[in-house]
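# Overview (structure and organization)
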Amino acid sequence: NAGVTQTPKFQVLKTGQSMTLQCAQDMNHEYMSWYRQDPGMGLRLIHYSVGAGITDQGEVPNGYNVSRSTTEDFPLRLLSAAPSQTSVYFCASTGGGEQFFGPGTRLTVL
Amino acid sequence: GQSLEQPSEVTAVEGAIVQINCTYQTSGFYGLSWYQQHDGGAPTFLSYNALDGLEETGRFSSFLSRSDSYGYLLLQELQMKDSASYFCAVSGAGNMLTFGGGTRLMVKP
């Protein structure tokens, strides 16, 4: 049981590049979400999904897209990276009232 | 919208008891949860309160008062490994979690 996995662990992008952060969970949870965490701050919700085929915006969705074609996978796409998107990104899945977080992706946009 | 307030830093000594408070304003409320995050790591779940009262899990306890929009995390018999950031989070409509800014706990020998 791997829990929540994320790839890559580290990524450096140039302004304007696009990329996809991968997230997968093997706990059969319906609810998944993406957060960003800036240094010394709390987590802010980017997008979330309550099940396959259903996604919705969180607090800070601009510049990001998500899709949920399967229960297991919930990728986050940066459309055109900007320095303001430099952050640590956490994917999470929720089950039994508890959120399980992946190890995070540390993204730097130059 | 939702907002949460918690102290930015708390310092305590090994073996002591520390309480981290959290007040919240929310348009929809299902419960208050607490997460621990060590530097460079991912948040890990500590506790969840949906009803008023105290929930105890080992050295950690969490309290909720819905009428006061207030909760706290109580850590007993502090250990050096408890040095971390602690976040309260409110569960709202659609299972959305809104996090507070975090409290950095430093445990000194």
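Here goes a summary of the coordinates provided. Quantities reported herein were computed from a predicted structural model and do not represent experimental measurements.

### Some thoughts on the sheet that holds strand β8 (residues 70–75) of chain B
Residue and element names in this part refer to chain B. The strand order across the open sheet formed by five strands is β1-β3-β8-β7-β6, and the pairing between neighbours is antiparallel. Each end of this open sheet is capped by a strand with a single partner; those strands are β1 (3–5) and β6 (53–57). Each neighbouring strand pair of the sheet contributes to a mean axis angle of 20°, computed without reference to strand direction. For β6 and strand β7 (residues 60–65), the ladder comprises five bridges, and the chain directions are antiparallel. The partner of E56 across the bridge, within β7, is S61.

### Here we look at the interface of chain A and chain B
You'll often see interface size given as the accessible area lost when the parts meet. The partner chain B presents 16 residues to the 19 residues of chain A that form the contact. Overall, the association of chain A and chain B removes approximately 1300 Å² of surface from exposure, summing both partners, and the carbon and sulfur fraction of that is 60%. At the surface where chain A touches chain B, the tally comes to zero salt bridges. In this structure, the connection of chain A to chain B is made through three residue pairs in polar contact (both at pLDDT 80 or more).

### Here we look at the nonpolar core
Side chains of a nonpolar character, in soluble globular proteins, are inclined to be buried together. Core analysis: the largest hydrophobic core is formed by 22 residues, its most contacted members being L32, W34, L75, Y86 and L105 of chain B. Going through the elements one at a time, β2 (9–13), β3 (18–25), β4 (31–37), β7, β8, β9 (84–91) and β11 (103–108) of chain B are the ones with two or more residues in this core. Those residues within four positions of Y86 of chain B in sequence are excluded, and the remaining contacts are Q6, I20, Y35, Q36, L46, F60, L73, L75, G102, T103 and L105 of chain B. Formed by 19 residues, the second largest nonpolar core is a distinct cluster that contains M19, C23, F74 and V109 of chain A.

### Quick look at the state of the cysteines
Residue and element names in this part refer to chain A. With the rule as written, the count across this model stands at two disulfides over all chains. Paired through a disulfide, C23 and C91 show a sulfur-sulfur distance of 1.8 Å. Measuring handedness by torsion sign, the sulfur bridge of C23 and C91 sits at about -70° and is left-handed. Highlighted residues: C23 in strand β3 (residues 19–25) and C91 in strand β9 (residues 87–95), separated in sequence by 68 residues. The same class applies to C23 as to C91, namely buried.

### Notes on the sheet that holds β3 of chain A
All names here are of chain A. Taken in spatial order, the four strands line up as β1-β3-β8-β7 in an open sheet, and their pairing is antiparallel. With partners counted over all chains shown, the strands left at the sheet margins are β1 (4–7) and β7 (64–66), one partner each. Across the sheet, the mean angle from the axis of one strand to that of its neighbour is 20°, orientation sign disregarded. Pairing between β7 and strand β8 (residues 76–78): three bridges, direction antiparallel. Pairing of N65 across the sheet is with R77, part of β8.

### A look at the layout of surface pockets
By volume, the largest pocket amounts to about 330 Å³. Every residue lining the largest pocket is counted, 20 residues in all, and those nearest its centre are Q37, P39, G40 and M41 of chain A together with Q37 of chain B. Of all elements in the fold, only β9 of chain A together with β9 and β11 of chain B reach the threshold of two or more residues within the lining of the largest pocket. Here the residues of the lining of the largest pocket are counted per class, giving five nonpolar, 11 polar and four charged.

Procedures and definitions
Residues numbered from 1 in each chain as written. Chains lettered and ligands numbered in written order. Predicted model: local features only at pLDDT ≥ 70, side-chain atom pairs only at ≥ 80, totals over all residues. Heavy atoms only, no water. Pairing = 2+ DSSP bridges. Helix = DSSP H or I, 4+ residues; strand = E, 2+ residues; numbered from the N terminus. Axes fitted to C-alpha atoms, helices over the stretch in contact; angles between N-to-C directions. Contact = heavy atoms within 4.5 Å. Buried area = accessible area lost by both parts, 1.4 Å probe. Salt bridge = Lys/Arg side-chain N within 4 Å of Asp/Glu carboxyl O. Polar contact = N/O pair within 3.5 Å; in protein donor to acceptor, adjacent residues only side chain to side chain. Core = buried A, V, L, I, M, F, W, Y, C linked by side-chain atoms within 4.5 Å. Buried < 20%, exposed > 50% of the residue type's maximum accessible area, 1.4 Å probe, protein only. Disulfide = S-S within 2.5 Å. 1 Å grid on protein atoms, 1.4 Å probe; cavity = no way out; pocket = protein on both sides within 12 Å on 5 of 7 lines; lining within 4 Å. Points joined across faces, edges and corners; volume = space filled by probe spheres on them. Nonpolar A, V, L, I, M, F, W, Y, C, P; charged D, E, K, R; others polar.

Distances and angles like these do not, on their own, reveal function.
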